[in-house]
Amino acid sequence: MPPASTGASTIVVDASAPQSPVTTTAEPAAAHERLEPGRPGYRRMSLALFAAGVAAFALLYSTQALLPALSASFDASAGQASWTVSAATGALALFVLPLSALSERFGRRQMMTASLAIAVLVGLLVPFAPSMGALIALRAVQGAALAGLPASAMAYLAEEVRPKALIAAIGLFVAGNSIGGMSGRILTGWVAQAWGWRAALAAVGLLALACAVAFHFLIPKARNFRPGSLNPKALAKTVATHLADPLLVRLYAIGALFMTVFGAVYTVIGYRLVEEPFSLPQGVIGSIFLVYLVGTVSSAAAGRLVARLGRRGALYLAVSTTAAGLLLSLADRLAAVLLGLVLITAGFFAGHAVASSSVSRTATTGRAQASALYQSAYYLGSSAGGTLGAVAFHAGGWAATVALGLLAVLGVVSITLYGTRVARAERRALVPAAR
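Everything quoted here is computed from the prediction, not taken from an experiment. (Residues numbered from 1 in each chain as written. Predicted model: local features only at pLDDT ≥ 70, side-chain atom pairs only at ≥ 80, totals over all residues. Heavy atoms only, no water.)

What is the right way to look at the overall build of the chain in this model?
Scanning the chain from N- to C-terminus turns up 15 helices and two strands. Relative to its 435 residues, the chain shows a buried fraction of 59%. Accessible surface computed for the chain: about 16800 Å², of which carbon and sulfur atoms make up 68%. (Helix = DSSP H or I, 4+ residues; strand = E, 2+ residues; numbered from the N terminus. Buried < 20%, exposed > 50% of the residue type's maximum accessible area, 1.4 Å probe, protein only. Areas by Shrake-Rupley, 256 points an atom, 1.4 Å probe, with all protein chains shown as cover.)

Structure representation (structure tokens):
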């Protein structure tokens, strides 16, 4: 895994190439000047995608802080209630690739707008779910709708933003994810404590609606997108090409493993804090998610970390921080648990920002599909982490959940070390043998 700098090389998509999932229907247009800090449109673009990130994560994880309340309301176990999260993330993972292909035909901006609109509509229906099964089904539909947003957003940024500003721009989008995850959980925690979980989910739906409206009016038109007609065979070939790229596969695995840790920790933490020795009320548990602010900072700083440490160095720092947080969270003191969550959150968001931006830089064709595959792996990791974390907690308590997280962390370290060895071997091969 070669080191990356903030000055990414230019990524060009050749829509007429065999690997492209679309067939170009119009003559190529002259490329427009791309956005960068200080230029017109960059601030609007940043605010729009920040709002989209807030809405997406607030909706996607809207039930996570409410799992103990859902278990009590529907007389369900932690594992059963965790499916209200895993169904959404799993559906997103399944639909992100086909919807990213549709974005190649209909446009990134249009796909993001439609995805947010449908997800918000379902979000306004979720509070009326009559049973756990109905709630899980609605959450799956919501996750499928949101699948059109992440990969399209990454492709939009790669096409519309100057390469040297790409990591920072993606970091801001990921920062919006962290704010959405935080605000959604805090909002649901306090509203649920006062009026119940149904009112809490309604409040998240209204928050997402406001963000979707802001996105619609702020997002600049795509100026470097070239639409085409879908070509299923070419799409399959593009996906196969990406899956045959060892670097991309390593990045996909890293994203999945980071999200396994994060999904396990934040699915189970509410159950741990509601029990002895903490016995915290629902509103206070929701406020625990203020630590997401740390993720906002660490994801936005990912570009500077890569510039200073290189891509592998930034990943080593992120994974070390995550592991330290997991170990610290084993203590039975609330201050130690909170500090552990801070470290886990900082490490996760930094690692995710580095890995996801590296995918956008590495793919030279079919960028939307490359990003979609990353998102699929990422959200499959979330689904696996949420479900396995709940099962582990039921079987062995918080220590078992931490053990699961450390196993995933070990996987990230192993993959990154392997990438380091491959990069060194490639550099040695380029050096002429001494005579």
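What is the right way to look at the packing of helix α2 (residues 67-74) against helix α3 (residues 78-106) in this model?
Packing of α2 against α3 leaves a shortest axis separation of 9 Å and a crossing angle of 120°. In this view, α2 runs oblique relative to α3, as classed from their interaxial angle. The hand of the α2/α3 crossing is right-handed. In this structure, α2 contributes Leu67, Leu70 and Ser71 to the contact, and α3 contributes Ala78, Ala81, Ser82, Thr84 and Val85. The residue makeup of the contact of α2 with α3, split by class, is five nonpolar, three polar and no charged. (Axes fitted to C-alpha atoms, helices over the stretch in contact; angles between N-to-C directions. Parallel < 35°, antiparallel > 145°, perpendicular 65-115°, else oblique. Left-handed = near helix turned anticlockwise from the far one by under 90°. Contact = heavy atoms within 4.5 Å. Nonpolar A, V, L, I, M, F, W, Y, C, P; charged D, E, K, R; others polar.)

Looking at this structure, how should I read the packing of α2 against helix α10 (residues 246-274)?
Put simply, α2 and α10 touch, their axes get as near as 8 Å, and they point 70° apart. The pairing of α2 with α10 is recorded here as roughly perpendicular in orientation. Of α10, the residues touching α2 (which contributes Leu67, Pro68 and Ser71) are Thr267, Gly270 and Tyr271. Partitioning the contact of α2 with α10 into residue classes produces three nonpolar, three polar and no charged.

Looking at this structure, I do not really get the packing of aromatic side chains. What am I missing?
In this description, a pair of aromatic rings is defined by centroid distance and the angle of the planes. Taken as a whole and assessed by the stated rule, the structure comprises 10 aromatic pairs. Between Phe262 and Phe348, the aromatic rings sit 4.0 Å apart at their centres with planes inclined by 10°, giving stacked as the arrangement. Separated by 86 residues along the polypeptide, Phe262 in helix α10 and Phe348 in helix α14 (residues 334-362) bring together distant segments of the chain. Owing to a relative accessible area of 3%, Phe262 belongs among the buried residues under this scheme. For Phe348, a relative accessible area of 1% translates into the label buried. Between Tyr374 and Tyr378, the ring centres sit 5.9 Å apart and the planes meet at 20°, which makes this aromatic pair stacked. Highlighted residues: Tyr374 and Tyr378, both in helix α15 (residues 367-430), separated by four residues, approximately one helical turn. Here Tyr374 matches Tyr378 in class, with each residue buried. Among the aromatic residues, those joined into a ring-pair cluster are Phe262, Tyr266, Phe348, Phe349, Tyr374, Tyr378 and Tyr379. (Phe/Tyr/Trp six-rings, centres within 6.5 Å; stacked < 30°, edge-to-face > 60°.)

Just to check I follow, could you spell out a nonpolar patch on the surface for this structure?
Where nonpolar side chains cluster on the molecular surface, the patch consists of Leu124, Leu206, Leu209, Val213 and Phe217 and spans about 460 Å² of accessible area. Mapped onto the elements, Leu209 comes out in helix α8 (residues 197-218). (Patch = residues over 30% accessible without salt bridge, like charges linked within 9 Å, V, L, I, M, F, W, Y side chains within 5 Å. Salt bridge = Lys/Arg side-chain N within 4 Å of Asp/Glu carboxyl O.)

I would appreciate a short explanation of helix α13 (residues 302-328) in the present structure.
Every α-helix carries 3.6 residues per turn, so stepping three or four residues along brings you back to the same face. A rise of 1.5 Å per residue sets the reference length of α13, with its 27 residues, at 39 Å; its end C-alpha atoms lie only 24 Å apart and thus fall more than 12% short of the reference. Most pronounced at Leu309, the bend in α13 amounts to some 110°. (Expected span 1.5 Å × (residues − 1). Bend = angle between axes of the 7 residues up to and from the residue.)

What exactly am I supposed to notice about the side chain of Ser356 here?
Summarising the element assignment, Ser356 is placed in helix α14. Among the polar contacts listed, one links the side chain of Ser356 to the backbone oxygen of His352, at a separation of 2.9 Å. (Polar contact = N/O pair within 3.5 Å; in protein donor to acceptor, adjacent residues only side chain to side chain.)

Would you explain the environment of Leu388 in this entry?
Here Leu388 shows up in helix α15. Separated by 13 residues in the primary sequence, Leu388 and Thr401 place their C-alpha atoms 8.1 Å from one another.

I tried to follow the nonpolar core on my own but got confused; where do I start?
Formed by 130 residues in total, the largest nonpolar core has its most connected members in Leu49, Leu157 and Tyr266. For Leu157, the residues in contact, after removing those within four places along its chain, are Met45, Leu49, Leu166, Ala169, Ile170 and Phe173. (Core = buried A, V, L, I, M, F, W, Y, C linked by side-chain atoms within 4.5 Å.)

Is there a simple way to explain the confidence of the model for the chain in this structure?
On average, residues of the chain score 83 in pLDDT, and 89% of them reach the 70 mark or higher. Mean pLDDT across the elements of the chain bottoms out in strand β1 (residues 22-24) (47) and peaks in helix α5 (residues 132-146) (96). Per-residue pLDDT stays below 50 along residues 1-20; that stretch engages in 59 contacts with residues further than four places along the chain or on separate chains. Long-range and interchain partners of residues 23-30, a stretch whose pLDDT sits below 50, account for 12 contacts in this model, where long-range means more than four residues apart. (pLDDT = per-residue confidence, 0-100.)

What's the story with the pattern of salt bridges in this structure? I'm lost.
Side-chain pairs of opposite charge can arise where the charged atoms are in close proximity. Scanning the entire structure with this criterion turns up two salt bridges. Between Glu159 and Arg108 there is a salt bridge, with the nearest N and O atoms lying 2.4 Å from each other. Pair noted here: Glu159 is in helix α6 (residues 150-160) and Arg108 is in helix α4 (residues 108-125), with a separation of 51 residues, a long-range link. Here Asp332 and Arg272 are joined by a salt bridge, their closest N and O atoms 3.2 Å apart. Taken together, the residues span a long stretch of sequence, with Asp332 in the loop between α13 and α14 and Arg272 in helix α10 at a distance of 60 residues. You can call Asp332 exposed: its relative accessible area is 55%. By relative accessible area, which is 7% here, Arg272 ends up buried.

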